[in-house]
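Residue strings, one per chain:
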Amino acid sequence: MPVVTIARDQEIAVVTVDNPPVNALSQALRQGLWEAVATLDADPQVAAVVLICAGRTFIAGADVSEFGKPPMEPHLPDLVARIEGAAKPWIAAIHGSALGGGFEVAMGCRFRVALTDATVGLPEVTLGIVPGAGGTVRTPRLAGVEVAVDLATSGKPLSAEKAHNAGLIDAVAQGDLREAATAFARMALAKPLPQPVSARPVVAPGAQFWFEKEKAIVKAAKGAAAPMRALACLRYAAEAAFGEAMAYERETFLDLRGSEQADALRHVFFAERAAPRPAALREVEPQPIRSAAVVGGGTMGAGIIAALRAAGLPVILIEREDEAVTRGLANVAQIFDRAASRGTMSAAQAQALTEGVTGSTEYARLSKADLVIEAVFEDIEVKRAVFAQLGRHCRPDAVLATNTSYLDPRLIVEGLPNPERFLGLHFFSPANVMKLLEIVPVPETSARTLSTTFALARLLKKVPVQAGICEGFIGNRILKRYRAAAEGLVRQGVPIAEVDAAMRGYGFAMGPFEAQDLGGLDIAFLQREGARAAGQLVPETLGDILVRAGRKGQKTGGGWYDYTLDERRPVPSATVMELLCAEITPGVELAHPAIATALVNEMAAEGQAILDEGIADTPADIDLVEIHGYGFPRWRGGPMFATRARR
Ligand code: 3H9
């Protein structure tokens, strides 16, 4: 089946691209389009050309899987120039997403028409590169420098409506795209044609504009190189001639394409796409999930409800008492109200989402639910009591999940009828925001239940990772070792603030001690105390000493650092030094990169142990857990990727 076919609608030629799954610009597609230009230029019957795509989307970009190989002709910048210079005007008809190289091809066209639910964008920076086929040079000529900077340095796509308002597309269409684009072409032919984008002028902003953008981008990028390189290309595009700017962009693109960061980000890109569809479950049909329930309306339960509602599911909240139901519903409403006040949804949307949750104390209300997630207090007896109720009232095929972070799900499932429908679903707080979902089957869990929860993860737009059973599963187990190693450095005399600064320098938003102060030191303390009470040998940590002294973190005005009442800025604490001085043997001095290397090596060593024990399937799964659950810098690729040469 050829990837490019040409049809005719009288004087309008329709070029259809069909290169599943996302019409990526493989060599064969570039070649097909290259030849289509020649064919249609030579056809005197053709007055204009509509470029449209089959399948789920317009051209979604360059073929990322070709990035590791030598570039092959025809090169994309040449193809875009050839479409732009064609004797007949081309009209891009966009559905789905026109991204990266796809949007660059669309900018080579004389016009762009998009369906209302389409998006356009330049996501290259998310892959550690810059646009390589004129994205930074044509966008400012099409829509101005400000729009171009936002698009190319954030990597975030714009909806058709916003793109239309910004001047990136010429018309928004509804209904049959091919008909709409053909009608648009006829209308356009009746008027003088606009200049090709490359010939349009660009207004260069002054030095202050670039200075401010630079400051904002460096801050947001947290160590990622591509956004600043994209900005440099855009400045060049605004200040130099078209041809020179194209050459500069291409040089930058080729330079970054082979960089360590681009390599890491490609690894994450493919890992994220593989995660929701594990090969072992490909043949296993999931059960439909049309309704859900959550037991427990605290912070975690409310976050899970918000995630389920945002995916369109009606949700029942079960709590023990009426007051707790009211509190839980208020927690959910607060999440949506805040989203509305931040402008991420309208007040009407927030209200509709809130109204889709009903609260009750009656487990009998769950007789029809397809899925129930338990999110109650982390206590084995409390959880078992919940599942005893669920076993009595739910359909025998309803998927029943526990959101435990530390307890053994095998103990929770004991005595549950039809245990094949049970597993652990470990959400991360805030559950409506955090992308990671650890899926923890017990030995009885059926493949169908597993497949259903992967489908659920896709519905919730989460990154699912299957984990075996061990204390802390994948993420919290690595976190424990990371924190212990960080304490180990402090015991050797490395200042607390230096450890945190080193990890921020590595690309984390926060270091391990600052993060504990934010979340509270008492959670892990109570867990250690529980283990000690159960007779386990758990050595005293530095964190234990602080909690025993009443320092539980920001909420008590101090933890690893001091905090003033109205400020969240951590201040190194003399009290902490006094409390810990007996435990610290000064002597070791480490530069920031050495501190970060030591701690990331520890994470990777724990990751390797997790792999060796079969708790995780692949190193990429561990990387996804760290990136989406624990703030590991995406552009480093995760601890396993970052240390692959050293392991
Ligand atoms: C670029 O364009 C550089 C240029 O400026 C310069 C060049 C000179 N390549 O996400 P999905 C695969 S950089 C190869 O689940 P959805 C993906 O791996 C590129 N493969 O679908 C998966 O494969 P499999 C800029 C790709 O419907 C399958 O397609 N463009 C590519 O949820 C389905 O993917 C981007 O960064 C690709 N470019 O979402 C766009 N894209 O089935 C990246 C996807 O074997 N793509 N695959 O697991 C996306 O954002 C989403 O795929 C999209 C569809 C929104 C399009």
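Everything below is about the structure printed above this text.
First, a word on scope: everything that follows refers to the structure included in this document. These numbers were taken from a predicted model, which means no experiment stands behind them.

Cut-offs applied
Residues numbered from 1 in each chain as written. Predicted model: local features only at pLDDT ≥ 70, side-chain atom pairs only at ≥ 80, totals over all residues. Heavy atoms only, no water. Phe/Tyr/Trp six-rings, centres within 6.5 Å; stacked < 30°, edge-to-face > 60°. Helix = DSSP H or I, 4+ residues; strand = E, 2+ residues; numbered from the N terminus. Buried < 20%, exposed > 50% of the residue type's maximum accessible area, 1.4 Å probe, protein only. Near = heavy atom within 4 Å. Polar contact = N/O pair within 3.5 Å; in protein donor to acceptor, adjacent residues only side chain to side chain. Core = buried A, V, L, I, M, F, W, Y, C linked by side-chain atoms within 4.5 Å. Domains from an automatic or database assignment. Contact = heavy atoms within 4.5 Å.

**Digging into the packing of aromatic side chains**
By the definition in use, this model includes 12 aromatic pairs. Pairing Phe111 with Phe184 gives two aromatic rings, centres 5.3 Å apart and planes at 70°, and the pair type is edge-to-face. Of this pair, Phe111 sits in strand β6 (residues 111–115) while Phe184 sits in helix α7 (residues 177–189), and the two are 73 residues apart along the sequence. The class for Phe184 is buried, based on a relative accessible area of 13%. Judged by centre distance (6.1 Å) and plane angle (20°), the rings of Tyr482 and Phe508 are stacked. Taken together, the positions of Tyr482 in helix α18 (residues 475–491) and Phe508 in the loop between α19 (496–506) and α20 (512–519) put the pair 26 residues apart, joining distant regions of the chain. With respect to burial, Tyr482 and Phe508 carry one shared label: buried.

**Observations concerning the site of the ligand**
Taken together, 26 residues lie near the ligand, and Arg56, Gly101, Glu104, Glu124 and Arg273 sit nearest. At 2.9 Å, a backbone N or O of Val64 approaches a nitrogen atom of the ligand. Within the contact set of the ligand, an oxygen atom lies 2.8 Å away from a backbone nitrogen or oxygen of Gly101. Elements with a contribution of two residues or more to the shell around the ligand: β5 (97–99), α3 (101–108), α10 (242–257) and α11 (260–274). Of the residues forming the shell around the ligand, the biggest block, 3 residues, is contributed by α11.

**Let's talk about the nonpolar core**
Core analysis: the biggest nonpolar cluster contains 77 residues, and Leu366, Val372, Leu390, Ile474, Val499, Trp560 and Leu599 have the highest contact counts within it. Sort the elements by how many residues they give to this core and helix α24 (residues 592–612) lands first, with 8 residues. Built from parts of two domains, this core gets at least three residues from each of domain 2 (287–466) and domain 3 (475–646). Apart from residues no more than four positions distant in its own chain, Leu599 is found in contact with Tyr482, Ala485, Ala486, Leu489, Val499 and Met503. With 54 residues, the next largest nonpolar core counts Leu25, Ile94, Ala98 and Ala148 among its residues.

Keep in mind these values describe shape, not function.
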